[in-house]
Every structure is written in structure tokens, then in C-alpha cells.
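Next come the chains, spelled out residue by residue.
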Amino acid sequence: MELFDGRPESLEGRLPREVRVYDLLDKLGIEFKRVDHEPATTMEACEEVDKALGTLMCKNLFLCNRQKTRFYLLLMPGDKKFKTKELSSQINSARLSFAEAEDMLKYLDIEPGAVSVMGLMNDENHEVQLLVDEDVRESEYLGCHPCVCTSSMKIKTSDIFEKFLPAVGHEPQTVHLVGED
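J.: How would you sum up the overall build of the chain? Please name residues and give values.
T.: A count of helical and extended segments in the chain gives six helices and nine strands. Compactness check: the chain gives a C-alpha radius of gyration of 15 Å against a globular reference of 16 Å for 181 residues, within 12% of the reference. Along the first, second and third principal axes, the C-alpha set of the chain runs to 45 × 35 × 30 Å. Here the chain holds 181 residues, and 50% of them are scored as buried. Sequence-distant contacts, at least 24 apart, represent 68% of the contacts inside the chain between residues at least 6 apart. Carbon together with sulfur atoms contributes 46% to the accessible area of the chain, which is approximately 9200 Å² in total. Side-chain charges of the chain comprise 22 positive and 34 negative groups, with the mean position of each set lying 4 Å from the other.

Okay, structure coming up:
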């Protein structure tokens, strides 16, 4: 897997949602490293990508409440276990579950396996609340997909919180997840 600086030289064969990510990052002056790879739709598949990027990929979970009236994007370390009860109590939302693929597409213009903080650029009505585990917030770099599961990026975490999120109008809520039984 080859490590590249920034966007691909040729955009041929790239999906519009991926190109929009590169366009926005360039516009915001956010530098990033990138690798292209076979579809990486599971955390296990991301292990090789992690090595190539030199960072731990974020586990990105798209969640909703039982009534499907509130949607959440949770960023947490890939090696931490997700416990619904632990998160529910912090955000005052009973009964969280994984949102449907149709909702990912509707709100974030992302398909399963490619969920990423970058999808918030497509949530123009701010219907998705960003939740970030404190360990992710404190890390130097963030690994994420550019809205497709065939490329991955390494971006300074400070650039995500100080440039990207303000530009797309999303205010993150920091959560504390232990992930133990």
C-alpha cells in the first residue's frame, strides 16, 4: 500500500462524494496523507491500512434513537468496545441502535463501511450530532475514509476540530467511553 500526500492526481473512477471531500479539504488548507486499497468495510480490514498510514483508524458508528428522530455519529478508538448503555446515559437518549443504511445515505451521503466524520459535510441541515470519545479527541492524528471505503486518510486531529467541523457547522460533544464489561 503506497502512501500519498493529498488528493489523487487523477480523479478518474472516483465517486463524486470522494472528490467533494478532497475539494473541501483543499479549500480549507487541510493537509492529509492518503492510501488507496481494496474495500475496507470492517475494523479487521482496516488493520493493514492503519499500518500504512501510521495511525489508528477511528471506529465510526452511525446510531439513532428508537424513534429515529435523533441521529448520532460516534467516533471512538477502533480497539475500544462499544457499550450502548455507557453512551446512552451520557447523551440522555434511551435505547440507541445502529441506524439503517438508507439513513446513512440520506444524512451523510455515505454507504455502510465508509462511515466517516467527512460525511458531516453532507449534513447541511445538521440533523446528525457528532459524539467523540475523549481518547480520539486527544490523539494527534485521525484516520478516516473520504466517504468511500477504498481510500483512507490521516489528518491532524486539530485540523478536524479547528478547521473542518467549524466549516461544516458541526459542534462535537465529547464523551467518555471505557468499553469494558
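J.: Just give me the short version of the packing of aromatic side chains, but keep the residues and values in it.
T.: Per the stated rule, a full pass over the model turns up four aromatic pairs. Centroid distance Y22 to F32: 5.7 Å. Interplanar angle 5°. Geometry classified as stacked. Taken as a pair, Y22 in helix α1 (residues 16-27) and F32 in strand β2 (residues 32-36) lie far apart in primary sequence, ten residues in all. Taking relative accessible area as the criterion, F32 reaches 6% and is therefore assigned buried. Residues F62 and F71 carry aromatic rings whose centres are separated by 5.7 Å and whose planes lie at 15° to one another, so their mutual orientation is stacked. By the ring-pair criterion, three or more aromatic residues cluster together here, those being F62, F71 and Y107. The cationic tip of R137 hangs over the ring face of F161; the distance from NZ or CZ to the ring centre is 4.1 Å. Sitting above the plane of the Y141 ring, K154 keeps its charged end 4.5 Å from the centroid.

Cut-offs applied
- Residues numbered from 1 in each chain as written.
- Predicted model: local features only at pLDDT ≥ 70, side-chain atom pairs only at ≥ 80, totals over all residues.
- Heavy atoms only, no water.
- Helix = DSSP H or I, 4+ residues; strand = E, 2+ residues; numbered from the N terminus.
- Rg over C-alpha atoms; globule rule 2.2 N^0.38 Å.
- Buried < 20%, exposed > 50% of the residue type's maximum accessible area, 1.4 Å probe, protein only.
- Contact = heavy atoms within 4.5 Å.
- Areas by Shrake-Rupley, 256 points an atom, 1.4 Å probe, with all protein chains shown as cover.
- Lys, Arg positive; Asp, Glu negative; His and termini not counted.
- Charge placed at Lys NZ, Arg CZ, Asp CG, Glu CD.
- Phe/Tyr/Trp six-rings, centres within 6.5 Å; stacked < 30°, edge-to-face > 60°.
- Lys NZ or Arg CZ within 6 Å of the ring centre and 35° of its normal.

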